[in-house]
Amino acid sequence: MLPILLFDGHCNFCNAWVRLIVNRDTSKKIRFAALQSSAGRRLLEKHKIDVNYTDSLVFFEEERFSVSSTAALRIYSYLNGWERHLQLLAVVPRPFRDALYHFFAKYRYKWFGRSEQCMVPTPELGERFLSE
């Protein structure tokens, strides 16, 4: 199974981050779905995660998944740019990383805005998004 990233499709910052990942994941391994999409909800249900969970990324690799700062850091291991080195931040204790992550998540709509509609992938990105 290819890695799958569930992200908040209404969050402008999250949508920009997905575009950055698409540009840096030149091997095209990571697939995407909005947390609010049918495909996203099915994955959440399958792994017994609350389907109303939109406060964090959820990153699936094989049979495991990660959330919050750990999910973000795991994603960096798939990228080809300088960002790949950010995965080294995993040495920072998780409670501290997650506290910073959740602080940022709490204000992301205020700082970057919120879209009423989930991100619609361009035709060239469509193959990387899970179908509804």
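Above: the structure in question.
Definitions and cut-offs
- Residues numbered from 1 in each chain as written.
- Predicted model: local features only at pLDDT ≥ 70, side-chain atom pairs only at ≥ 80, totals over all residues.
- Heavy atoms only, no water.
- Pairing = 2+ DSSP bridges.
- Helix = DSSP H or I, 4+ residues; strand = E, 2+ residues; numbered from the N terminus.
- Right-handed = clockwise from strand over helix to strand, strands pointing away.
- 1 Å grid on protein atoms, 1.4 Å probe; cavity = no way out; pocket = protein on both sides within 12 Å on 5 of 7 lines; lining within 4 Å.
- Points joined across faces, edges and corners; volume = space filled by probe spheres on them.
- Nonpolar A, V, L, I, M, F, W, Y, C, P; charged D, E, K, R; others polar.
- Salt bridge = Lys/Arg side-chain N within 4 Å of Asp/Glu carboxyl O.
- Buried < 20%, exposed > 50% of the residue type's maximum accessible area, 1.4 Å probe, protein only.
- Axes fitted to C-alpha atoms, helices over the stretch in contact; angles between N-to-C directions.
- Contact = heavy atoms within 4.5 Å.
- Expected span 1.5 Å × (residues − 1).
- Arc of directions from axis to C-beta.
- Patch = residues over 30% accessible without salt bridge, like charges linked within 9 Å, V, L, I, M, F, W, Y side chains within 5 Å.
- Areas by Shrake-Rupley, 256 points an atom, 1.4 Å probe, with all protein chains shown as cover.

**Some words on the pairing of strand β2 (residues 31-34)**
Inference 1: Here four bridges tie strand β1 (residues 4-7) to β2, and the two strands are oriented parallel to one another. Bridged to Leu5 within β2 is Phe32.
Inference 2: Handedness of the β-α-β unit built from β1, helix α1 (residues 12-24) and β2 comes out right-handed.

**A short note on the layout of surface pockets**
Inference 1: Here the largest pocket defines a volume of roughly 540 Å³.
Inference 2: Of all elements in the fold, only α1, α3 (68-76) and α4 (94-112) reach the threshold of two or more residues within the lining of the largest pocket.
Inference 3: For the lining of the largest pocket, the element with the highest residue contribution is α4, accounting for seven residues.
Inference 4: Among the residues making up the lining of the largest pocket, the classes are represented as 15 nonpolar, three polar and four charged.

**Thoughts on the pattern of salt bridges**
Inference 1: The full count for this structure, using the stated rule, is six salt bridges.
Inference 2: Ionic pairing is found between Arg64 and Glu61, a salt bridge with its closest N-O pair at 3.6 Å.
Inference 3: Exposure remark for Glu61: the relative accessible area of 6% places this residue in the buried category.

**What about the sheet that holds β1?**
Inference 1: Pairing within the open sheet is mixed, and its four strands lie in the order β2-β1-β3-β4. At either end of the open sheet lies a strand with only one pairing partner, and these are β2 and β4 (64-67). Strand-to-strand twist of the sheet, defined as the mean angle between neighbouring strand axes without regard to direction, takes the value 20°.
Inference 2: Here four bridges tie strand β3 (residues 58-61) to β4, and the two strands are oriented antiparallel to one another. Counterpart to Val58 in the pairing with β4 is Val67.
Inference 3: Against the sheet, helix α2 (residues 38-46) touches β1, β2 and β3, its axis set at about 105° to β1.
Inference 4: Seen against the sheet, α3 touches β1, β3 and β4 and runs at an angle of roughly 115° to β4.

**Re α1**
Inference 1: Its 13 residues place the ends of α1 19 Å apart at the C-alpha level, agreeing with the 18 Å of an ideal helix rising 1.5 Å per residue.
Inference 2: By the burial criterion, the buried members of α1 are Cys14, Asn15, Trp17, Val18, Ile21 and Val22. Angularly, the buried residues of α1 cover 160° about the axis, an arc narrow enough to put them on a single face.
Inference 3: On its buried face, α1 sits against β1, β2, α3 and α4.

**Notes on a nonpolar patch on the surface**
Inference 1: On the surface, Phe103, Trp111 and Phe112 cluster together into a nonpolar patch covering about 320 Å² of accessible area.
Inference 2: Relative to the elements of secondary structure, Phe103 occurs in helix α4.
Inference 3: The exposure class of Phe103 is partly exposed, given its relative accessible area of 47%.

**Quick word on the pairing of β1**
Inference 1: Side chains of β1 alternate between two faces, with Ile4 and Leu6 and Leu5 and Phe7 buried alike.
Inference 2: Of the strand pairs in this sheet, β1 and β3 are connected by three bridges, and their pairing is antiparallel. Residue Ile4 lies in a different strand from β3, and its bridge partner there is Phe60.

In short, the description is geometric, and any link to function would need to be established separately.
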